[in-house]
Amino acid sequence: MAVPVEEAIAALSTFSLDDEQPEVQGPGVWVSTERGATDSPIEYSDVSAYRLSLSEDTKALNQLNILTQEGKEMASVLYTYRSCVKALPQLPDSMKQSQADLYLETYQVLDLEMSRLREIQRWQASASSKLAADMQRFSRPERRINGPTISHLWSMLKLLDVLVQLDHLKNAKASIPNDFSWYKRTFTQVSGQWQDTDSMREELDDLQIFLSTRWAILLNLHVEMFRRHYLIINHIGAIRAEHDDFTIRFASAMNQLLLLKSTDGSDVDWSKEVKGNMYDMIVEGFQLLSRWTARIWEQCAWKFSRPCKDASPSFSDYEKVVRYNYTAEERRGLVELVSYIKSVGSMMQRCDTLVAEALWETIHAEVQDFVQNTLASMLRTTFRKKKDLSRILSDMRTLSADWMANTNKSESELQSSHHGGEESRANIFYPRAVAPTAAQVHCLQFLIYEVVSGGNLRRPGGLFGNSGSEIPVNDLKQLETFFYKLGFFLHILDYSVTVATLTDLGFLWFREFYLESSRVIQFPIECSLPWMLVDCVLESPNSGLLESVLIPLDIYNDSAQQALVLLKQRFLYDEIEAEVDHCFDIFVSKLCETIFTYYKSWAASELLDPSFLFASDNAEKYSVQPIRLNMLLKMTRVKLLGRMINLRSLITERMNKVFRENIEFLFDRFECQDLCAIVEVEKLLDILKHSHELLSRDLSVDSFSLMLNEMQENISLVSFSSRLASQIWSEMQSDFLPNFILCNTTQRFIRSSKAVPVQKPSIPSAKPSFYCGTQDLNSAHQSFARLHSGFFGMPHMFSIVRLLGSRSLPWLIRALLDHISNKITLLEPMITGLQESLPKSIGLLPFDGGVTGCVRLVKEHLNWETKSELKAEVLHGIKEIGSVLYWMGLLDIVLREIDTKNFMQTAPWLGLLPGADGQILTTQDSGDSPVVSLFKSTAAAMVSYPGCPSPTSFHIMSKQAEAADLLYKANLNTGSVLEYALAFTSAALDKYCSKWSAAPKTGFIDITISKDFYRIYSGLQIGYLEESAEVSSNSHERLGDSVAWGGCTIIYLLGQQLHFELFDFSYQILNIAEVEAASVIQTHKNSHFAMQGWEVLLEAMKKARRLNNHVFSMLKARCPLEEKTACAIKQSGAPLHRIKFENTVSAFETLPQKGS
């Protein structure tokens, strides 16, 4: 069954095509199939139908209008005129023989331009003649019933205004006389070849007189007293109040009108009231727009007449009147007023078709009430006995009364109204959307003028003055009110054109006069007033103006419209288009920078430590004022020069690029710093990530993890390394392991004071937005970063684990383990060299020699003076091995803490409990965990429900829960990284076990001839302890506690701990010192005197023994020698807990290789 057309149209009218894009631009032009309020004939061709004596006046009026339109086109020619002489070629001396041809070509080019000036000359003559004739005709003293009308007087004023404009344009254009002088010179050169040039010379002389004559039409007004009046900032408060009040009342009137349209059978009086109120609001809106636009015109005129006096003499005239002539406050005020004009104009433009019927009905009602009721009353009373005036009033009723509006009356009403006499009631007519034509309005104004003035143009007191008038005051007031209402009718009927005219601010861009005076092709974009307003909004601290940032761009639309339609010059449009292309790119860039800075500052402010804010004296400076950017981020259709630009897409593209550039900068900055800066890098990345999360609420940008992996060059599925992991490893190789020393007490690595400085590139500089957004927030976060910049400890290890994650961390672990293996390989020949330098026999130190004798004896045994460099290299190698192992210990602590937290989060869902011995117990007797049981029961319940829409989806969710259960249970048994590193080191030492831990030939411990590693390390230890005891030497500051960790670990893994504790030189000396001190006490002597000179060395030995005991106790707990066990790591990166294997390096090849 076909749907009726009426129902289909009614159904379509219920659909809304509006989207979420806010209205933050000026009014645009669109195609509408609905009836609008813009259809109104402007010509007066139907005047003759009303049989009035206005044919002559109307003919003259049409002539004036045609001349005015032609004059505007002439003004466009003069305004856009640019010199042709500058483009003329100059012949070199070698081509002087072609001079005549050049003159001829130049004459032909310039003659085309001069022909336009001749047309202006001829038009000026005809326009002046017509204007003078009308003025002479209307200035006669006799009474004339056929003119002039008000429309005629306005047309004369418009033509006079065009003449004045042409005069000033002609006088201001220096290029015109320059081109004319060249034209006259070339005419003299080429006219000798022609015959009968007298007429051409006369035309040339007339044109010269026309161009050189200056009319003094306008007076130079001294307006210094009006400075306050012309500046917008002095009126912006009142304008703001007018705007707010009008928008509220206009919206209320629109709501009433929409309610009226949706109500069937509404009351006639209420309908008339609502539509009349809408008409009044439209009139008020036009008046506001007219007044506000005039404010901008006045301020521009003031600025152009008062250039900046403080500008540099090198600045052009245009820069003095525009760029440097507006203060920041004046620019903000101008932006605010432009936004008011465009927003009100857009609001009124959108409701064109909605208010059309209401406007036409109201105008129809106003006209019919006046001509059918008011004029009827006047005819019965005031003008009853005045036949001439009564005839005019009757003509007014005849030409504009709509008797068709009374056809719905009953026959009795019509008869009573026609024969009721003076006591009859006023005519009742029903509303009709039939507006009067322009000719009817013109005739009504003329007839009212004739009634009031009687043809007397010099009436004292003005047209509606009461002096000497025979018309009563009340009637005169009614005529005056309706007369001025008629003046608004044509503007109301030409609704869209009126709105476009009142909101046209294209004049703010044009600068042809100053291009001519400055002798430049075009001014830079910084001198363009529309761009100055856009830049003012972007740079303004007033966040409320940012929503209006697109409004000044609408000025380019107005200027382009003027260039194409009014001035009809393509080159002007091309210049506007080029500037728009340039400034829009800059606008998007600066807007994105503002958006990025705001969200970055917001994120940095939220991530500040609350205790820091509480302790701060001025915490407000770290807060960020909210900016409503969501309006701009929704703009998908920005209207600019006839194009629709997706601003949201451009911002998204630019923000993706800025985020990547910021990540790249942070990585570049970290590569110029040491490993201690890893905490700062993580903090800045956290701020960047949080700003990404905040921005993602309003904008669909790329995933942060995707951008981070992309900038880390870690996109490939088979890539275990990353840029950050590679930089950490490079930094550890080149700086951290060689130059940082361990403080075992604080569990921190610090830079050695004796370290060789490492050459690094300078830290790149960047805008504050690439850090924390603002200078204050940058300073606050820098104060936190400085707390971690002087050491490497647990906070840094947490940062490394969080930044590298489970993907790149195994690669770094493998690289460090390979470093240990390589160091052991490099140490092997050095250890062999030290072994060869040892004497064949070294016995136990004798107790009777005392501390002094034992120290001397050790020095004699360890004759390594020639091996000082070799000793230093061995100590540094052992130190690096110890640093790596301790680093692994810190990493193990961090990973265990993270694993514990993950276990606490997942254990309740998996049904797991920690056992007493550290093992994991299952609480469920069945094989299903709580999460699997939950989804299985839910799936079963939903499938059994008859109304279940998709039972298969619940089965899929149940299977996914089982997969998640297996995945999380597989990741619970994670093992120890430290144990893994110790097992790897043990396997690496097995290759040199025969050299560093030789089995005794007798089966008993070799006391005197042993050259095992513990003996080498014992000599090295007492050597650097002696050096550290000296005042001038700071050996400990070069090596730290890492030497003990490296040496004791090797000794322990080689099974030499007991040998070391029994035969270490420093341990023996400490035992001798204790015996010697005890014997001194028994003989009642001063023990300090006996140990004089050795206190520092003995204290260093005691400290070393305590540290060695601590290391050995830790090694016994983490790597018992009875069963060499460790953790392996599968190809997927998941550890296998306590897997036993032989001590071979090949057993560790399951780790990702360093080069992969």
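One numbering rule holds for all chains: residues counted from 1, following each sequence as written. Reporting of local features is limited, given that this is a predicted model, to residues whose pLDDT is at least 70; pairs of side-chain atoms are given and counted only at 80 or more, and all residues count toward the totals for whole chains, interfaces and linings. To obtain the side-chain values, all non-hydrogen atoms of the structure were included, while hydrogens and water were left out.

Chemist: Give a detailed account of the overall build of the chain, specifying residues and quantitative values.
Modeler: Counting from the N terminus, the helices are the DSSP runs of H or I reaching at least four residues and the strands are the DSSP runs of E reaching at least two. Each helix and strand counted, the chain has 42 helices and eight strands in total. Should any heavy atoms of two residues lie within 4.5 Å, those residues are considered in contact. Considering only contacts within the chain whose residues lie at least 6 apart along the sequence, 79% involve residues at least 24 apart. What sets the accessible areas is the Shrake-Rupley method with a 1.4 Å probe; for residues, cover comes only from the shown protein chains. Accessible area of the chain: about 58000 Å², with a carbon and sulfur share of 55%.

Chemist: Provide a residue-level description of the packing of helix 24 (residues 647-671) against helix 25 (residues 678-696), including the pertinent values.
Modeler: Here the axes come from fitting lines to C-alpha atoms, over the contacting stretch only for helices, and the angles between their N-to-C directions go from 0 to 180 degrees. Orientation of helix 24 relative to helix 25, taken along the N-to-C sense of each, is 175 degrees, at an axis distance of 10 Å. Between helix 24 and helix 25, the interaxial angle falls into the category roughly antiparallel. Here helix 24 contributes Met655, Phe659, Asn662, Ile663, Leu666, Phe667, Arg669 and Phe670 to the contact with helix 25, which in turn contributes Ile678, Glu680, Val681, Leu684, Leu685, Leu688, Ser691, His692 and Leu695. Under this grouping Gly is polar, as are all residues other than the nonpolar Ala, Val, Leu, Ile, Met, Phe, Trp, Tyr, Cys and Pro and the charged Asp, Glu, Lys and Arg. Of the residues assigned to the contact of helix 24 with helix 25, the class counts are twelve nonpolar, three polar and two charged. For classification purposes, an angle smaller than 35 degrees is called roughly parallel, one larger than 145 roughly antiparallel, one from 65 to 115 roughly perpendicular, and anything else oblique.

Chemist: Go over the pairing of strand 4 (residues 748-751) with me, naming the residues and quoting the values.
Modeler: When DSSP finds two or more bridges between two strands, those strands count as paired. Pairing of strand 3 (residues 740-743) with strand 4 involves four bridges; the strand directions are antiparallel. Within strand 4, the position partnered with Cys743 by the bridge is Arg748.

Chemist: Report on a nonpolar patch on the surface, specifying residues and quantitative values.
Modeler: Together, Met135, Trp154, Leu157 and Leu160 give the surface a local cluster of nonpolar side chains, amounting to about 410 Å² of exposed area. Broken down by element, the residue count for the nonpolar patch peaks at three residues, all from helix 4 (residues 150-172). Position of Leu160 relative to the elements: it lies in helix 4. A patch consists of residues whose relative accessible area exceeds 30% and which take part in no salt bridge; residues with like charges are grouped when within 9 Å of each other, and nonpolar side chains (Val, Leu, Ile, Met, Phe, Trp, Tyr) when within 5 Å. Every case where a carboxyl oxygen of Asp or Glu lies within 4 Å of a side-chain nitrogen of Lys or Arg is listed as a salt bridge.

Chemist: Could you give an account of the nonpolar core, with specific residues and numbers?
Modeler: The criterion is simple. A nonpolar core is a set of buried Ala, Val, Leu, Ile, Met, Phe, Trp, Tyr and Cys residues joined through side-chain atoms within 4.5 Å. Relative accessibility thresholds used throughout: buried, under 20% of the residue-type maximum; exposed, over 50%; partly exposed, between the two (1.4 Å probe, protein chains only). Ranked by internal contacts, the top residues of the largest apolar core, which has 294 residues, are Ile296 and Phe587. Segmentation of the chain into domains, including their bounds, is taken from an automatic or database domain assignment. Split by domain, this core shows at least three residues from each of two domains, domain 1 (53-211) and domain 2 (804-1081 + 1090-1118). Counting five residues, the second-largest nonpolar core is a separate cluster that includes Phe903, Leu910, Leu912 and Leu972.

Chemist: Describe in detail the packing of helix 8 (residues 236-262) against helix 12 (residues 352-380), supporting the description with residues and values.
Modeler: Contact geometry of helix 8 with helix 12 gives a least axis separation of 11 Å together with a crossing angle of 80 degrees. Classified by the angle between their axes, helix 8 and helix 12 sit roughly perpendicular to one another. For the pair helix 8 and helix 12, contact is made by Met254, Leu257, Leu258 and Lys261 and by Leu354, Val355, Glu357 and Ala358, respectively. Considering only residue class, the contact of helix 8 with helix 12 consists of six nonpolar, no polar and two charged.

Chemist: Could you give an account of helix 28 (residues 775-786), with specific residues and numbers?
Modeler: Counted at 1.5 Å a residue, the expected span for helix 28 with its twelve residues is 16 Å, and the 16 Å between its end C-alpha atoms agrees. The set of residues buried in helix 28 consists of Leu777, Asn778, Ala780, His781 and Ala785. Taken end-on, helix 28 shows its buried residues confined to a sector of 165 degrees, consistent with a single buried face. What points out from helix 28, more than 90 degrees from its buried face, is the exposed set Gln775 and Arg786. Its buried side turned inward, helix 28 meets helix 21 (570-606), helix 22 (610-615) and helix 25. Expected helix span is given by 1.5 Å per residue-to-residue step, counting one fewer step than there are residues. The arc in question is traced by the directions running from the helix axis to the C-beta atoms.

Chemist: Tell me about the pattern of salt bridges, residues and numbers included.
Modeler: Close approach of charged atoms lets side chains of opposite charge pair. Across all of its chains, the model carries 38 salt bridges by this definition. Its salt-bridge partner being Glu330, residue Lys303 comes within 2.8 Å of it at the nearest N-O pair. Here the residue Lys303 occupies a position in helix 9 (residues 268-305), and Glu330 occupies one in helix 11 (residues 328-350), the gap between them amounting to 27 residues. For the residue pair Lys303 and Glu330, the accessibility class agrees, reading buried in each case. Ionic pairing is found between Arg570 and Asp574, a salt bridge with its closest N-O pair at 2.9 Å. Taken together, the positions of Arg570 and Asp574, both in helix 21 and four residues apart, correspond to about one turn of that helix. Classification of Asp574 as partly exposed rests on a relative accessible area of 32%.

Chemist: Go over the side chain of Gln445, please, and point to the residues and values.
Modeler: Its place among the elements puts Gln445 in helix 15 (residues 438-453). Assessed through its relative accessible area of 9%, Gln445 is described here as buried. Excluding residues that lie within four positions of it along the chain, Gln445 makes contacts with Ser151, Phe483, Leu486 and Gly487.

Chemist: Hey, could you go over a negative patch on the surface for me, with residue numbers and the actual values?
Modeler: Neither His nor the chain termini are counted; the positive set is Lys and Arg, and the negative set is Asp and Glu. Just so you know, the charge point we use is NZ for Lys, CZ for Arg, CG for Asp and CD for Glu. On the surface, a cluster of negative charge is contributed by Asp198, Glu202, Asp205 and Asp206. Along the chain, Asp206 falls in helix 6 (residues 198-212). The class for Asp206 is partly exposed, based on a relative accessible area of 42%.

Chemist: Just give me the short version of unusual backbone geometry, but keep the residues and values in it.
Modeler: A positive phi is found at Lys568, a non-glycine position, where the angle reads about 55 degrees. Tracing the backbone through its elements, the reader meets Lys568 in the loop between helix 20 (554-566) and helix 21. What makes Lys568 exposed here is its relative accessible area of 52%. The phi dihedral of Leu641 is positive, around 55 degrees, even though this residue is not glycine. Secondary-structure assignment places Leu641 in the loop between strand 1 (638-640) and strand 2 (643-645).

Chemist: Go over the environment of Leu708 with me, naming the residues and quoting the values.
Modeler: Here Leu708 shows up in helix 26 (residues 704-711). Remark: the alpha-carbon pair of Leu708 and Arg660, spanning 48 residues in sequence, is separated by 7.7 Å. Excluding its chain neighbours within four sequence positions, the residues that come into contact with Leu708 are Ile663, Phe667 and Leu685.

Chemist: Lay out the packing of aromatic side chains with the relevant residues and their values.
Modeler: The pairing test for Phe, Tyr and Trp rings, Trp by its six-membered ring, is centres within 6.5 Å, and the orientation test on the planes gives stacked under 30 degrees, edge-to-face over 60, and tilted for anything in between. Taken as a whole, this structure holds 38 aromatic pairs when the rule is applied. A network of ring pairs unites the aromatic residues Phe736, Phe740, Phe749, Phe792, Tyr886, Trp887 and Trp1045 as a single cluster. The cationic tip of Arg748 hangs over the ring face of Phe791; the distance from NZ or CZ to the ring centre is 3.8 Å. Two limits define a charge over a ring: the Lys NZ or Arg CZ must be within 6 Å of the ring centre, and within 35 degrees of the ring normal.

Chemist: Talk me through the environment of Gly506; I want residue IDs and the actual numbers.
Modeler: Topologically, Gly506 is positioned in the loop between helix 17 (495-502) and helix 18 (512-518). Spatially, the C-alpha atoms of Gly506 and Asn557 are 7.4 Å apart, while their sequence positions differ by 51 residues. Excluding residues that lie within four positions of it along the chain, Gly506 makes contacts with Ile555, Asp558, Ser559 and Gln562.

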